[in-house]
Amino acid sequence: MSRWAAALIYAVLGAVTFVVCFPLLWAISTSLKPKDEIFRWPPTLIPETITFESYRELLFGGAVASAPGAGVPPSAYFMDWFVNSVIVSVGSTAISITVATLAAYSLTRFRFRGQRAVPYVAILGYMIPSVIFVFPMFLTMVALDLPDTLLSLILGYVCITLPFCLWLMWAFFRGVPIEIEEAALVDGATRLQVFRQIVLPVALPGIIAASIFSLIVSWNDYLFGRVFMNSMDKLPLTVGVMHFFDGTHVDWGLMMASSVLMTLPMAILFGFMQRHLVAGFGAGAVKG
Amino acid sequence: MTDVAIRGLSKSFGTNRVLKALDLTVPSRQFVTLLGPSGCGKTTLLRLIAGLEQPTEGEIRFGERRVDGLPPGERNIAMVFQSYALYPTMDVARNIGYGLEVRGTPKAERRERVGAVAKVLEILHLLGRKPRELSGGQRQRVALGRAMVRKPDIFLMDEPLSNLDAKLRAAMRGELRRFHLDLGTTTIYVTHDQLEAMTMSDLVVVMNEGVVQQIGTPEEVYARPANLFVAGFIGTPPMNLIPARNEGGRVTVEGHPLPVAAPAGAPAELILGIRPQDVSMATPGEPGTIPGKVWMVELIGSERLIEVEIAPKVRVTAEVRASHRAALDDAVAVRLDPAQIHLFDPASGQALPREAVREVGARPA
């Protein structure tokens, strides 16, 4: 490849990277600016004065007593929302992954009628836009006396993440050779030992991939939170931060600081898990 | 030491009957090979003995103990898989010791036994490695070590050498045989490779279509095939099987009388079997020979295979010394060694008793 071609490729890649990263950089920059600098013209990408005021208000605002009669500012609920989001994402992921792993394992290992159809039906279900079933699901939650509870959100997220997790784990287990399980059975392991000590470690990269998917979907969801939840202190982050926009005024500093804080856990998680995604998958167990 | 007795064993997958009322006794301490083409049911039989499949009918006993119905882990067997089936996330030491681990063997004893087996197999330096870091031959040894460490009653091996290259396979054949002689553990070995069966076994069980065709020592199945299937399956190059007739007690091929008497009560139509090395080349017109013309000549190292067409679509292969020259379409004749002729009943496929196939004078009676 000539130097010019290489230069061109790097220029294009650089431009794409900049376009992709710019919103995040802008959000970080805005979250660190004082309120008067946010709207200054010409805008500054690197803040002239750096302030953590927005972060302080979000993280410790709940502890700060507001003036009597002024009502509680939305930022005071930020930590509640954050905890809610953690509970519903982790809760729904735990359920989805447990069910998907066990179901996918049985789909690949035990013979029964309709065995081949299940994963395909599941993935078809995943392709239906969630906006179509969010209202019937809401009515179901009402019938179960569950709306405005975190459990309703957990169940809702399980419904949207389970089909794809099942598909992913199914595809993964199909690649795990059955001989290693048979070898363990001959070695004297029980079915449960085989699953725990042989199958799960081999399936770990698949479980991590499915978990990341499920966490991201439930962490980023807006629709279910918007429809299912009502009380200010029970909202997930995505719905809660919309309260920084009150119809006439947008608090961009808080909005951007929330965005950064919302992105952070997923970014850290992904950075940490990424290594496990590729590490140690069962190459070499079977044949050469 | 344990013998294996199998009585009336059948196995069906849906409507497909893979094993048909099979009877087999594997004597204690013997190396027994299940030999047959793909799909003959040999691997299914091994998996039934291992407990990885449940029989449709019949029973399996290890010594006095009836084992069909017991899970694999309670049969005290060890199995070496074709794909080795090592645990990918465990290192070699844990792979070998896993069977001891799940049985609750103390750690110190486990380490000692794993070390001892690894020493015998010369894989001590690999104990800390993961399976993906091993070569095919090393994986094979780990799989063997895993089988040996538990001191099982019976070794089951499912084509364990088929993934190795030819040179390593030849070396491992010798080693496996040596291990068996040292350990004296009853071994059931599945292969489709007759060379493995012939070189390693005390007994060969030839199978086809879910039925045992013949049980015997390697010499017996080679020298006295019980039926047409065994005759055609054992031996390289394969035995010549040509149509023959019983004409008044005399065997003829394409109208040419052979110096062989048909057994009393033999049918009029026969199949004659003779190994290529028992066929020699002769000049046309010699008594007791069959004339024909050379159809194909192949050199196989120190020998040459000459295929002679004695009638349309009827060919006899002779294995002669490589120095023997023959050109395509030469008019030649073949002589069949009368002492090595096998006769089969085409209707049943069964061999006629060898003792009854008598040599007679070369001239027509």
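Not measured: the values here are computed from a predicted model. (Residues numbered from 1 in each chain as written. Chains lettered and ligands numbered in written order. Predicted model: local features only at pLDDT ≥ 70, side-chain atom pairs only at ≥ 80, totals over all residues. Heavy atoms only, no water.)

Next up on the list: the overall build of chain A. The helix and strand inventory of chain A stands at 12 helices and 0 strands. For 288 residues, the compact-globule estimate of 2.2 N^0.38 gives 19 Å, and the C-alpha radius of gyration of chain A, at 24 Å, exceeds that figure by more than 25%. Dimensions of chain A, computed from C-alpha atoms along their principal axes, come out at roughly 70 × 65 × 35 Å. Of the roughly 15,700 Å² of accessible surface on chain A, 72% is carried by carbon and sulfur atoms. Computed over 16 positive and 16 negative side-chain charges, the inter-centroid distance for chain A is 15 Å. (Helix = DSSP H or I, 4+ residues; strand = E, 2+ residues; numbered from the N terminus. Rg over C-alpha atoms; globule rule 2.2 N^0.38 Å. Areas by Shrake-Rupley, 256 points an atom, 1.4 Å probe, with all protein chains shown as cover. Lys, Arg positive; Asp, Glu negative; His and termini not counted. Charge placed at Lys NZ, Arg CZ, Asp CG, Glu CD.)

Tallied over the entire structure, the rule returns 19 salt bridges over all chains. Here E53 of chain A and R56 of chain A are joined by a salt bridge, their closest N and O atoms 3.3 Å apart. Taken together, the positions of E53 of chain A and R56 of chain A, both in helix α3 (residues 53-60) and 3 residues apart, correspond to about one turn of that helix. Here E53 of chain A falls in the partly exposed class, since its relative accessible area comes to 35%. As a salt-bridge pair, K42 of chain B and E159 of chain B come within 4.0 Å of each other at their nearest N and O atoms. Pair noted here: K42 of chain B is in helix α1 (residues 42-50) and E159 of chain B is in the loop between β7 (154-158) and α5 (166-183), with a separation of 117 residues, a long-range link. (Salt bridge = Lys/Arg side-chain N within 4 Å of Asp/Glu carboxyl O. Buried < 20%, exposed > 50% of the residue type's maximum accessible area, 1.4 Å probe, protein only.)

Residues and elements named next belong to chain A. For the peptide bond that leads from W41 to P42, omega is -5°, which places it in the cis range. As for its position among the elements, P42 is in the loop between α2 (35-38) and α3. One non-glycine residue, D145, adopts positive backbone phi at about 60°. Among the secondary structure elements, D145 is positioned in the loop between α6 (130-143) and α7 (150-174).

How big an interface is tends to be stated in terms of accessible area lost as the parts join. The interface is formed by 26 residues belonging to chain B together with 24 residues belonging to chain A. Across the interface of chain B and chain A, roughly 2,200 Å² is buried in total on both sides, 59% from carbon and sulfur atoms. If you look at where chain B meets chain A, you find 2 salt bridges. For the interface between chain B and chain A, the tally reads 9 residue pairs in polar contact (both at pLDDT 80 or more). Elements with a minimum of two residues in the side of chain B that touches chain A: β6 (77-80), α2 (92-102) and α4 (136-149) of chain B. By residue class, the composition of the side of chain B that touches chain A is 15 nonpolar, 5 polar and 6 charged. (Contact = heavy atoms within 4.5 Å. Buried area = accessible area lost by both parts, 1.4 Å probe. Polar contact = N/O pair within 3.5 Å; in protein donor to acceptor, adjacent residues only side chain to side chain. Nonpolar A, V, L, I, M, F, W, Y, C, P; charged D, E, K, R; others polar.)

Residues and elements named next belong to chain B. On the basis of which strands lie adjacent, the open sheet formed by 4 strands has the order β2-β1-β4-β5 and antiparallel pairing. At either end of the open sheet lies a strand with only one pairing partner, and these are β2 (16-26) and β5 (65-66). In this sheet, strand β4 (residues 57-62) lies alongside strand β1 (residues 4-13) in antiparallel orientation, the contact comprising 5 bridges. For V4, the partnering residue across the bridge sits in β4 and is F62. Of the strands in this sheet, β1, β2 and β4 touch α1, which is tilted by about 115° from β1. (Pairing = 2+ DSSP bridges. Axes fitted to C-alpha atoms, helices over the stretch in contact; angles between N-to-C directions.)

Note that every value here comes from positions in space, so none of it alone points to a role or purpose.
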